[in-house]
Amino acid sequence: MKHTITIAVHMALLAICLPTVASADDQDVIDYREHIMKTLEEQSAAMGMILSTAVPGDNTVSHLQAIALTAQVALKSFEPKVLGGEAKPEVWNNWADFSKRMNEFSKNTALVAAQAKEKGSDDPALADKVVDALSCKSCHDAYRKEKK
Amino acid sequence: MTRSGQFAVGCAIFVALTVSTPARADDQDVIDYRVHIMKTMEEQAAAIGQILQQKAPADNFTIHAQVLAITAATAKRAFESKVLGGEAKADVWTHWADFSKRLDDLTAATADLASTAKAGGVAAAAAKAQTALNCKSCHDIYVERKK
């Protein structure tokens, strides 16, 4: 009896500690956050093309607004602790740091979108502010496991 | 100018005006840029689809609708340069009047969706989402999916 209880306790502990394998519903969670992160990636790439003068800058304000709005919902999409996709477990292991970075990202992109709308896309200071706000790599290095 | 010279110039002008241009380095930028815009819409439409199927939190519906509307408004400009390539069929430019009208309609419909969602949330906007996100009707004509 005592042996059975010990095994049951160990099994329960294992269930708590082990990363969860994605179920059907979990896949929805992963898919949803990927839609959000891919939107950020596509819009940042479009902004990068404008900053490198590869394409005209007429849509600058729109891209920045799209990024700022999407950044607002990004953190929420990571709240369910579901491992998988390109997210490293560190997202949830270091949640305080991850969520702090996401909140800063959201704040900075909102700020730069508002400035672009106010001063127009010709503002000479805009490019540096955009580069600062879209410093994706520092988070990706810590929290993203890019699929090959 | 001799008859053969006139013929050569005529051919050159005809070819320049009518033959599709293969993508150059700069042209690839044009293609890449519009692909970023179309993929954004694809991702946002998919997120909205998940919410409508109750597979994602409804709280974010309005924001997705806003991002979709903002992005739709940038799409036509991205296709104005006649550069063949990517998944766009040549029909985009040969039927520009129809294509651009459809993009204008998409812009208007997504803007309406966003403002309805802002005022009344997902419950009020769900029915409009089906109409606004009728992507297939355009894609069947103007998109050539890569395998």
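Residues numbered from 1 in each chain as written. Chains lettered and ligands numbered in written order. Predicted model: local features only at pLDDT ≥ 70, side-chain atom pairs only at ≥ 80, totals over all residues. Heavy atoms only, no water.

J.: Can you help me understand the overall build of chain A in this one?
T.: A tally of regular secondary structure across chain A gives seven helices and zero strands. The linear arrangement of helices and strands in chain A, starting from the amino end, is α-α-α-α-α-α-α. Burial status across chain A gives 36% buried among its 148 residues. Put simply, 72% of the contacts in chain A that link residues at least 6 apart link residues at least 24 apart. Within the structure as shown, chain A displays about 8600 Å² of accessible surface, and the carbon and sulfur contribution to it stands at 59%. (Helix = DSSP H or I, 4+ residues; strand = E, 2+ residues; numbered from the N terminus. Buried < 20%, exposed > 50% of the residue type's maximum accessible area, 1.4 Å probe, protein only. Contact = heavy atoms within 4.5 Å. Areas by Shrake-Rupley, 256 points an atom, 1.4 Å probe, with all protein chains shown as cover.)

J.: Sorry, what's going on with the overall build of chain B here?
T.: Scanning chain B from terminus to terminus reveals six helices and zero strands. For chain B, the N- to C-terminal ordering of α and β elements is α-α-α-α-α-α. Counting across all 147 residues of chain B, residues that qualify as buried make up 36%. Summed over its atoms, the accessible surface of chain B is roughly 8200 Å², and 58% of this surface lies on carbon and sulfur atoms.

J.: What is the right way to look at the packing of aromatic side chains in this model?
T.: The description of an aromatic ring pair uses the distance of the two centres, along with the angle that the planes make with each other. All names here are of chain B. One pass over the full model with this rule turns up eight aromatic pairs over all chains. Between Phe99 and Tyr142, the aromatic rings sit 5.0 Å apart at their centres with planes inclined by 75°, giving edge-to-face as the arrangement. Here Phe99, found in helix H5 (residues 96–132), pairs with Tyr142, found in helix H6 (residues 135–142); they are 43 residues apart in sequence, far enough to count as distant. This pair shows no difference in class: Phe99 is buried, exactly as Tyr142 is. (Phe/Tyr/Trp six-rings, centres within 6.5 Å; stacked < 30°, edge-to-face > 60°.)

J.: Would you mind going over the side chain of Ser77(A) with me for this structure?
T.: Here Ser77(A) shows up in helix H3 (residues 60–78). Aside from chain neighbours lying at most four places away, what touches Ser77(A) is Val29(A), Tyr32(A), Arg33(A) and Ile36(A).

J.: Is there a simple way to think about the interface of chain A and chain B in this case?
T.: Reports often express the size of an interface as the amount of accessible area lost when the parts come together. Each partner contributes to the interface: chain A provides 28 residues, whereas chain B provides 27 residues. Summed over both partners, the interface of chain A with chain B comes to about 2400 Å²; 61% of that surface belongs to carbon and sulfur atoms. The interface formed by chain A and chain B contains two salt bridges. Note that Arg77(B) and Asp58(A) form a salt bridge whose closest N and O atoms lie 2.8 Å from each other. Our count for the chain A to chain B interface comes out at 11 residue pairs in polar contact (both at pLDDT 80 or more). Elements that contribute at least two residues to the side of chain A that touches chain B include exactly helix H2 (24–51) and H3 of chain A. It is H2(A) that contributes the most residues to the side of chain A that touches chain B, 14 residues altogether. (Buried area = accessible area lost by both parts, 1.4 Å probe. Salt bridge = Lys/Arg side-chain N within 4 Å of Asp/Glu carboxyl O. Polar contact = N/O pair within 3.5 Å; in protein donor to acceptor, adjacent residues only side chain to side chain.)

J.: Sorry, what's going on with the packing of helix H5 (residues 95–119) of chain A against helix H6 (residues 126–133) of chain A here?
T.: When two helices pack together, their arrangement is given by the angle between their axes and by how far apart the axes lie. Residues and elements named next belong to chain A. Following both chains from N to C, one finds H5 and H6 inclined at 160°, their axes separated by 9 Å at the closest point. One element, H5, and the other, H6, form an angle in the roughly antiparallel class. Between H5 and H6 lies a crossing of left-handed hand. Only Leu126, Lys129, Val130 and Ala133 of H6 make contact with H5, whose side of the interface consists of Phe105, Asn108, Thr109, Val112, Gln115 and Ala116. (Axes fitted to C-alpha atoms, helices over the stretch in contact; angles between N-to-C directions. Parallel < 35°, antiparallel > 145°, perpendicular 65-115°, else oblique. Left-handed = near helix turned anticlockwise from the far one by under 90°.)

J.: Sorry if this is basic, but what is going on with the confidence of the model for chain A here?
T.: Parts of the model with low pLDDT should not have their predicted coordinates read in detail. All names here are of chain A. Per-residue pLDDT for chain A has a mean of 88; in total, 83% of the residues score no lower than 70. Within chain A, the element-level pLDDT minimum falls on helix H1 (residues 2–17), averaging 48, and the maximum on helix H4 (residues 90–93), averaging 98. Every residue in residues 9–21 scores below 50 in pLDDT, and together they form five contacts with partners more than four places removed in sequence or on other chains. (pLDDT = per-residue confidence, 0-100.)

J.: Explanation requested: helix H3 (residues 61–79) of chain B in the structure shown.
T.: Because each turn of an α-helix spans 3.6 residues, side chains separated by three or four positions end up pointing in the same direction. Spanning 19 residues, H3(B) covers 28 Å between terminal C-alpha atoms, matching the ideal 27 Å at 1.5 Å per step. With 16 of 19 residues buried, H3(B) is to be regarded as a mostly interior element. (Expected span 1.5 Å × (residues − 1).)

J.: What should I look at first to understand the environment of Val73(A) in this one?
T.: Its location among the elements puts Val73(A) in helix H3. For the pair Val73(A) and Ile36(A), spaced 37 residues apart in the sequence, the C-alpha separation amounts to 7.8 Å. With residues near it in sequence (within four places) discarded, Val73(A) still touches Ile36(A), Asn60(B), Ile63(B) and His64(B).

J.: What is the right way to look at the packing of H3(B) against H5(B) in this model?
T.: All names here are of chain B. At their nearest, the axes of H3 and H5 sit 9 Å apart, and the two run at 170° to each other. Between H3 and H5, the interaxial angle falls into the category roughly antiparallel. Residues belonging to the contact of H3 with H5 are distributed by class as follows: 19 nonpolar, five polar and three charged. (Nonpolar A, V, L, I, M, F, W, Y, C, P; charged D, E, K, R; others polar.)

J.: It is not clear to me how the environment of Phe98(A) should be interpreted in this structure. Could you clarify?
T.: By the element assignment, Phe98(A) lies in helix H5. Linking Phe98(A) and Tyr143(A), residues 45 residues apart in sequence, is a C-alpha distance of 8.0 Å.

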